[in-house]
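Architecture and fold: a report
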Amino acid sequence: MMKSTIPALLLALVAVVGGHLLDGGELGTLLHGTALLIVVGGSASAILLQTPRPVIRRGLELARCLRDDEPDLVEPLVEAMLGYSRLTRRDGFLALEPAALSESEPFQRLALEMLVDGVEPEELRKTLSLDLETFESRERQAGRIWESAGAYAPTMGILGAVMGLIQVMQNLSQPSALGSGIAVAFVSTLYGVGFANLFLLPLANRIKARIVDEVRRRRMLIEGFCAVAAGNNPRVVERRMRGHVGA
Amino acid sequence: MMKSTIPALLLALVAVVGGHLLDGGELGTLLHGTALLIVVGGSASAILLQTPRPVIRRGLELARCLRDDEPDLVEPLVEAMLGYSRLTRRDGFLALEPAALSESEPFQRLALEMLVDGVEPEELRKTLSLDLETFESRERQAGRIWESAGAYAPTMGILGAVMGLIQVMQNLSQPSALGSGIAVAFVSTLYGVGFANLFLLPLANRIKARIVDEVRRRRMLIEGFCAVAAGNNPRVVERRMRGHVGA
Amino acid sequence: MMKSTIPALLLALVAVVGGHLLDGGELGTLLHGTALLIVVGGSASAILLQTPRPVIRRGLELARCLRDDEPDLVEPLVEAMLGYSRLTRRDGFLALEPAALSESEPFQRLALEMLVDGVEPEELRKTLSLDLETFESRERQAGRIWESAGAYAPTMGILGAVMGLIQVMQNLSQPSALGSGIAVAFVSTLYGVGFANLFLLPLANRIKARIVDEVRRRRMLIEGFCAVAAGNNPRVVERRMRGHVGA
Amino acid sequence: MMKSTIPALLLALVAVVGGHLLDGGELGTLLHGTALLIVVGGSASAILLQTPRPVIRRGLELARCLRDDEPDLVEPLVEAMLGYSRLTRRDGFLALEPAALSESEPFQRLALEMLVDGVEPEELRKTLSLDLETFESRERQAGRIWESAGAYAPTMGILGAVMGLIQVMQNLSQPSALGSGIAVAFVSTLYGVGFANLFLLPLANRIKARIVDEVRRRRMLIEGFCAVAAGNNPRVVERRMRGHVGA
Amino acid sequence: MMKSTIPALLLALVAVVGGHLLDGGELGTLLHGTALLIVVGGSASAILLQTPRPVIRRGLELARCLRDDEPDLVEPLVEAMLGYSRLTRRDGFLALEPAALSESEPFQRLALEMLVDGVEPEELRKTLSLDLETFESRERQAGRIWESAGAYAPTMGILGAVMGLIQVMQNLSQPSALGSGIAVAFVSTLYGVGFANLFLLPLANRIKARIVDEVRRRRMLIEGFCAVAAGNNPRVVERRMRGHVGA
């Protein structure tokens, strides 16, 4: 993703700042501390007020998806599952104990432990599905802080613009300052709309896509683990798993 | 939550009022009784008209979530349930009678009473699920008064601004008063947008998050009570409960 | 509800008209026949065009919920159901015939008649649920005329404002009339936004709340009648019914 | 419906044009060919681009619901079904062959043919439900062209206004033409908002209501045909059917 | 589709550009490089930031639906399926092997291979339905890039307009440039609203309609393959398939 994040942000910069400069604007006009304070401070305060602290923490972590490439985990997961399938058909479920102990992902470890415990396929599916459901709803809640920020930012921009216009109107007696006052008032609108549409909302959508991918991947894992638990042959295991990712 | 409410509201104040002062505005410009009357009075009247009285009362109570920290009730609840599980497997369901009598939470008391009555697991799940569904729909309805207020407030702000502009336009003959008239007209927009986005909507979202948490917690309890009713061993009881909170 | 309708509408009046007068506006400015014609006539014509006549009739009836208090029908309904339960357990279902004949509510009468006919609990539940579903979808459709009106009114207000501005702009040569022309143009916006947010939308939401309540009450009745049909003991009948209203 | 379409459209005309004339506006101001070209042409091109040709054709047909009254088909349908019920209980399913051959509605004909073929009730329900589902999704898709048009029209109006304002601004040197230029620019907004809210959106909603009615009617038919297929007695057939229409 | 794409785009051009010229505007006013850079560059950067690369690639491919006519695949598919049905009833499932090998569509090939493998009808339905579900969610995600672009474009247009107005306001001392400055500022609004409503959103809706069609077609295929797997007679196979397309 690293690969596409930087070009995307550069393109946004070129489009907006470049457009401004091309039209003969000065860069300084676009920089305004108060506007920044209102838009960023206001949006942040709304998010802080509406979100429990652990959700904010997770939401910030999710933003790292802009830094990392999407991992292609389908092939290794199918491979691993075929390994488990062959192993358990030959040596029984207890043979999975070492794999369960060395597994670092909590979701896979939970599944492997239940297999070792000899849990029935239906119980396994129920437990893993419930875990996945909880995971998905938590991740979505965390990702929503960016969507909310993208909704608050333009409003804060309008708030800033209205406050600016109020000041301008109070000082109508100095018509010379009118234009520049209005210009300044508009900068916070620019910040609000720009931050929201060039950064916050795209980030929120990127996170959503990442969550959808991860959920799909875990559904594939559930299918695989249940097929292993039912003792299906490796070919069936593979076909069931691939159906979930359309590969 | 106390911990994050105060900083969030302070930050909002700093962002908006601070931004205004930094730009050389006077504090007095932002204070306007009529604008307050229109925005607060108008929004309140719309809420009063659309909401049955008991729902308003509950909605006001829900706003207390800004004062209290989220309780971490998962561990004590799992502990209590494991206690019930061990107790009933040893001494039968009647042994839960003292716990049922001393329980203060209505939801848990209902469940314990049904266990003492020897109700079947399926009937227990059905009754508790229905109770939870009713609870959730009532809480959401009550929380929605803040969401509605957050939707009405900006409109009332616009209403106030339009009324202000009408007056200004009526007196166009005194151009000296034009600017200050427009300024005053904009204050109610400021109030409407500000109240909605810095207080009402974040509060509404906080309440929604709190309800989602409580529902999740009760679903975990239902799972636990049903496992107890079915006489499952404590390990199963615990795994089922934890699946609902992803802990 | 009478109790809260009048204060709510008074508060709306105080907020809007009071705010206008406090700011030194004249009452006359807010009265404008043409604006009223455009906003009310336009919204009404859109509703008439989109809604079949019987739905409009029912929608107007539903507005009476602003006049009547919410009936507290839970206790009498539970009482009545317990009576039916005891009666049928002692004397059989035919003993309900007098109750069926004297019942005035069509929904309860249908249920009692089916009990007298000796219909099976499952068939009873299916028939009553279907009836309830049809009822709910019809009531919601009827209530939606107020929601639609609340959506059309502000647009009609904008339509009126645009028409007003067009006239003002046509006569720019008389700058003295400019201000008052713009003022008049804005009045229809005021009407549209005000009617929608202080009356139409709150009414629509009130009606929705009323329908949700009635549906909940009927679901409770279905639960009760089915328990009676199954010959459950009165304690079970009561617990099942109360679960639906969270009482 | 004829009965309510004409008055509704007349009322819309009176509200808008009447309001304009009452305020002393000239009719000519509201007529503007270019604005019409932009709003109607633009919306039509968007619809043409997004909709497959057969869907557009069906969408246009659906607009005829403004011309025809809603047929009251409940009673004749119940009557017909009771006839089928009595006939098949006496003479067997083959006796329906003449009815199947003479039936003109494809939905009823399909059902009657399957009855004659001796199809099982469950298979009959499945086939008819699937047919209904396909019908409903196609009709909704077709009706959506009016909803889309109602969404595009105001945007095209804004497009026209912006283009008008651009021209006005280019010619600021002739201030005398300013007002009339702005007035003309606003006419396309008027067309967009007016067409959408006084015609397109109400029509779209009317069509939706018609589809809901037709689906309800067909669900009632499915219930009836399945009861006939199961050989239920006429009283049951009638009760089941009426449940779907709340009659 | 070719047939309707070109006329639709031409109509859009005539409506907008023609309208502009008819009103006496110059074509040059509508051409503005910076506005194009901001609207197209900004929207593209937002899409790039929010969408994984393979999804963008598929989204671009889907836009080809504007070039190709909708294929009428119902008849040939029903024909082919009847062929499979007759063949397998006579010679068994292995007789499908040549068809499986020569089939070019992956979906049909998967189904034929499973039939040759002698998979049970229920397993076949489950596997194909899962594959279809994955296909549908991926296609919708890809198509959504156009919907997102249609949402970002007008905002970018507003961004450009605000930036333009800021510059104009900075230079209020040269009133002669005021009008033309504002005019230029508005051009980016024009681009944003125009691109979105005359191209991006219609394209997004067209793609959605295409996906719905393809999903319907594949559901019909699933129905057919399952009937073949169950050994149903050709008449049943055909009736089941046609139910899905309402043909």
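Calculation rules
- Residues numbered from 1 in each chain as written.
- Chains lettered and ligands numbered in written order.
- Predicted model: local features only at pLDDT ≥ 70, side-chain atom pairs only at ≥ 80, totals over all residues.
- Heavy atoms only, no water.
- Helix = DSSP H or I, 4+ residues; strand = E, 2+ residues; numbered from the N terminus.
- Rg over C-alpha atoms; globule rule 2.2 N^0.38 Å.
- Buried < 20%, exposed > 50% of the residue type's maximum accessible area, 1.4 Å probe, protein only.
- Contact = heavy atoms within 4.5 Å.
- Buried area = accessible area lost by both parts, 1.4 Å probe.
- Salt bridge = Lys/Arg side-chain N within 4 Å of Asp/Glu carboxyl O.
- Polar contact = N/O pair within 3.5 Å; in protein donor to acceptor, adjacent residues only side chain to side chain.
- Nonpolar A, V, L, I, M, F, W, Y, C, P; charged D, E, K, R; others polar.
- Least-squares fit on C-alpha atoms with pLDDT ≥ 70 in both.
- Core = buried A, V, L, I, M, F, W, Y, C linked by side-chain atoms within 4.5 Å.
- Expected span 1.5 Å × (residues − 1).
- Phe/Tyr/Trp six-rings, centres within 6.5 Å; stacked < 30°, edge-to-face > 60°.
- Lys NZ or Arg CZ within 6 Å of the ring centre and 35° of its normal.
- Patch = residues over 30% accessible without salt bridge, like charges linked within 9 Å, V, L, I, M, F, W, Y side chains within 5 Å.
- Areas by Shrake-Rupley, 256 points an atom, 1.4 Å probe, with all protein chains shown as cover.
- Axes fitted to C-alpha atoms, helices over the stretch in contact; angles between N-to-C directions.
- Parallel < 35°, antiparallel > 145°, perpendicular 65-115°, else oblique.
- Left-handed = near helix turned anticlockwise from the far one by under 90°.

**A few points about the overall build of chain A**
On a plain count of helices and strands, chain A comes out with nine helices and zero strands. If you list the helices and strands of chain A from N to C, you get α-α-α-α-α-α-α-α-α. For 247 residues, the compact-globule estimate of 2.2 N^0.38 gives 18 Å, and chain A exceeds it by more than 25% at 26 Å. Projected onto its principal axes, the C-alpha coordinates of chain A cover approximately 90 × 35 × 25 Å. Across the 247 residues that make up chain A, the buried fraction comes to 54%.

**Concerning the interface of chain A and chain E**
Counting from both sides, the interface comprises 49 residues of chain A and, opposite them, 41 residues of chain E. When the buried area of chain A at its contact with chain E is split by residue, A:Asp23, A:Arg216 and A:Arg239 rank highest and sum to 15% of it. Inspection of the region where chain A meets chain E yields three salt bridges. Between A:Arg235 and E:Asp117 there is a salt bridge; the shortest N-O distance is 3.2 Å. On inspection of chain A and its partner chain E, the count reaches seven residue pairs in polar contact (both at pLDDT 80 or more). Looking at the side of chain A that touches chain E, the element that brings in the most residues is helix H8 (residues 175–229) of chain A, giving 21 residues. When the residues that make up the side of chain A that touches chain E are grouped by side-chain class, the tally is 23 nonpolar, 17 polar and nine charged.

**Points about the relation of the copies chain C and chain D**
The transform that puts chain C on chain D rotates by 72 degrees and translates by 0.0 Å along the axis, for an RMSD of 0.0 Å. Both copies of the chain, as the preceding transformation shows, are related through a five-fold rotation axis.

**Here we look at the interface of chain C and chain D**
Often the size quoted for an interface is simply the accessible area lost on bringing the parts together. With 41 residues of chain C in contact, the opposing surface of chain D contributes 48 residues. Counting the contacts that link chain C with chain D gives three salt bridges. Of the charged contacts, one joins D:Arg239 and C:Asp117 as a salt bridge, the two residues approaching to 3.6 Å between their closest N and O atoms. Seen at the junction of chain C and chain D, the total is seven residue pairs in polar contact (both at pLDDT 80 or more). Of all the secondary-structure elements, those providing two or more residues to the side of chain C that touches chain D are helix H2 (33–50), helix H6 (106–116) and helix H7 (121–170) of chain C.

**Some points on the arrangement of the chains**
Separated without contact, chain A and chain C have their nearest C-alpha atoms at a distance of 17 Å. The smallest C-alpha distance separating chain C from chain E is 17 Å, and no contact links them.

**Some points on the nonpolar core**
Among the nonpolar cores identified, the biggest contains 378 residues, and A:Phe225, B:Phe225, C:Phe225, D:Phe225 and E:Phe225 are the most heavily contacted of them. The residues touching B:Phe225, leaving out its near neighbours within four places in the chain, are B:Met81, B:Tyr84, B:Gln108, B:Ala111, B:Leu112, B:Leu115, B:Leu124 and B:Leu128.

**Describing helix H2 (residues 33–50) of chain D**
Taking 1.5 Å as the rise per residue, H2(D) with 18 residues should run 26 Å; its terminal C-alpha atoms sit 25 Å apart, in good agreement. All of the buried residues in H2(D) are D:Thr34, D:Ala35, D:Ile38, D:Val39, D:Gly41, D:Gly42, D:Ser43, D:Ser45, D:Ala46, D:Ile47, D:Leu49 and D:Gln50.

**Examining the packing of aromatic side chains**
For the coordinates displayed, the defined rule picks out 10 aromatic pairs over all chains. When the centroid spacing of 6.0 Å and the interplanar angle of 35 degrees are considered together, the rings of A:Tyr191 and A:Phe195 count as tilted. With a gap of four residues between them, A:Tyr191 and A:Phe195 both fall in helix H8, about one helical turn apart. Given the relative accessible area of 13%, A:Tyr191 is considered buried. Of the residues examined, A:Phe195 reaches a relative accessible area of 34% and is grouped as partly exposed. Ring centres of C:Tyr84 and C:Phe225 lie 6.1 Å apart, and the angle between their planes is 20 degrees; this geometry places the pair in the stacked category. Of this pair, C:Tyr84 sits in helix H4 (residues 74–91) while C:Phe225 sits in helix H8 (residues 175–229), placing them 141 residues apart in sequence. The same class applies to C:Tyr84 as to C:Phe225, namely buried. In this arrangement the basic side chain of A:Arg218 is found over the ring face of A:Phe135, its NZ or CZ atom lying 3.8 Å from the centre.

**Looking at the environment of B:Leu27**
Residue and element names in this part refer to chain B. On the secondary structure map, Leu 27 appears in the loop between helix H1 (2–22) and helix H2 (33–50). Using a relative accessible area of 43% as the deciding quantity, one classes Leu 27 as partly exposed. For the pair Leu 27 and Val 17, spaced 10 residues apart in the sequence, the C-alpha separation amounts to 7.6 Å.

**Focus on the environment of E:Leu110**
When you line up the elements, E:Leu110 lands in helix H6 (residues 106–116). Along the backbone, E:Leu110 and E:Asp131 are 21 residues apart, and their C-alpha atoms lie at a distance of 9.6 Å. Beyond its immediate stretch of four places on either side in the chain, E:Leu110 contacts A:Arg239, E:Leu128 and E:Asp131.

**Describing the pattern of salt bridges**
In this structure the tally under the stated criterion is 76 salt bridges over all chains. Measuring nitrogen to oxygen at the nearest pair gives 3.2 Å for the salt bridge that ties C:Arg140 to C:Glu136. Here the residue C:Arg140 and the residue C:Glu136 both occupy positions in helix H7, the gap between them amounting to four residues, near one helical turn. Relative accessible area serves as the criterion here: at 28%, C:Arg140 is assigned to the partly exposed category. Residues joined by salt bridges that share partners form a network here, namely D:Arg58, D:Glu61, D:Arg64 and D:Glu139.

**Remarks on the side chain of E:Arg217**
With respect to the helices and strands, E:Arg217 occurs in helix H8 (residues 175–229). With residues up to four places along the chain from it excluded, the contact list for E:Arg217 reads E:Leu73 and E:Leu77.

**Let's talk about a nonpolar patch on the surface**
A grouping of A:Ile6, A:Leu10 and A:Leu13 is seen on the molecular surface, where their side chains present a nonpolar patch of about 290 Å² in accessible area. If you trace the backbone, A:Ile6 turns up in helix H1 (residues 2–22).

**Side note on the packing of H2(D) against helix H7 (residues 121–170) of chain D**
Residues and elements named next belong to chain D. Where H2 contacts H7, the two axes come as close as 8 Å, and the packing angle between them is 135 degrees. Between H2 and H7, the angle is such that the two are oblique. You can see that H2 and H7 cross each other, and the crossing is right-handed. Judged by residue contacts, Ile 38, Val 39, Gly 42, Ser 43, Ala 46, Ile 47 and Gln 50 of H2 engage Ile 145, Ser 148, Ala 149, Tyr 152, Ala 153, Met 156, Gly 157, Gly 160 and Met 163 from H7. A breakdown of the residues in the contact of H2 with H7 according to their chemical character gives 10 nonpolar, six polar and no charged.

**Comments concerning the packing of helix H3 (residues 53–62) of chain E against helix H7 (residues 121–170) of chain E**
Residue and element names in this part refer to chain E. One way to put it is that H3 packs onto H7 with a least axis distance of 8 Å and a crossing angle of 75 degrees. In terms of orientation, H3 and H7 fall into the roughly perpendicular class. Taken together, the residues of H7 that come into contact with H3 (itself represented by Val 55, Ile 56, Arg 58, Gly 59, Leu 60 and Leu 62) are Glu 139, Gln 141, Ala 142, Gly 143, Ile 145 and Trp 146. Here the residues of the contact of H3 with H7 sort into seven nonpolar, three polar and two charged.

**Description of the environment of E:Phe225**
Given a relative accessible area of 0%, E:Phe225 falls into the buried group. Each C-alpha atom of the pair E:Phe225 and E:Leu128 lies 9.6 Å from the other, and the pair is 97 residues apart in sequence.

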